[in-house]
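Next come the chains, spelled out residue by residue.
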Amino acid sequence: MICAPVVELSECILCEMCTDLCPSVFTMNENGYVQVEPLNVYPTEEVDEVIKNCPVDCIQWEDVL
Ligand code: SF4
């Protein structure tokens, strides 16, 4: 079981805080939406910091696969 951050795109206001703070995980795709990179291991502390600072609280950890 892998735990990964998931962004609720319908709530995301594209402030780019996550992509600035943690660019190894959060990137902007060609459609202009935040994308979570597929990694085997996520930097927990960094992602937690991003989750805490997202202005609209639209990122959360979810179990994937
Ligand atoms: S920090 Fe939150 S609102 Fe800002 S771009 Fe990332 S997911 Fe969207």
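To start, this report covers the structure provided alongside it. (Residues numbered from 1 in each chain as written. Predicted model: local features only at pLDDT ≥ 70, side-chain atom pairs only at ≥ 80, totals over all residues. Heavy atoms only, no water.)

With that out of the way, let us pick up the nonpolar core. Ranked by internal contacts, the top residues of the largest apolar core, which has 16 residues, are Val7, Phe26, Val50 and Ile59. Breaking this core down by element, the ones donating at least two residues are strand 1 (2-7), helix 1 (17-21) and helix 2 (44-53). Top element by residues in this core is helix 2. It accounts for three residues. (Core = buried A, V, L, I, M, F, W, Y, C linked by side-chain atoms within 4.5 Å. Buried < 20%, exposed > 50% of the residue type's maximum accessible area, 1.4 Å probe, protein only. Helix = DSSP H or I, 4+ residues; strand = E, 2+ residues; numbered from the N terminus.)

This paragraph deals with the environment of Cys3. Within the secondary structure, Cys3 is located in strand 1. Taking the C-alpha atoms as reference points, Cys3 and Leu39, 36 residues apart in sequence, are found 10.0 Å from one another. Not counting the four nearest positions on each side in its chain, Cys3 is found in contact with Tyr42, Trp61, Glu62 and Asp63. (Contact = heavy atoms within 4.5 Å.)

As a further point, take the site of the ligand. In the neighbourhood of the ligand, 14 residues make up the surrounding shell, with Cys12, Cys15, Glu16, Cys18 and Cys54 lying closest. The cavity where the ligand resides is the largest cavity. Among the residues forming the shell around the ligand, the class breakdown is 13 nonpolar, no polar and one charged. (Near = heavy atom within 4 Å. 1 Å grid on protein atoms, 1.4 Å probe; cavity = no way out; pocket = protein on both sides within 12 Å on 5 of 7 lines; lining within 4 Å. Sits in = over half its atoms within 2 Å of the grid points. Nonpolar A, V, L, I, M, F, W, Y, C, P; charged D, E, K, R; others polar.)

The grouping of Leu9, Leu14, Met28 and Tyr33 at the surface amounts to a nonpolar patch, some 330 Å² of accessible area in total. Note that Met28 resides in strand 2 (residues 26-28). (Patch = residues over 30% accessible without salt bridge, like charges linked within 9 Å, V, L, I, M, F, W, Y side chains within 5 Å. Areas by Shrake-Rupley, 256 points an atom, 1.4 Å probe, with all protein chains shown as cover. Salt bridge = Lys/Arg side-chain N within 4 Å of Asp/Glu carboxyl O.)

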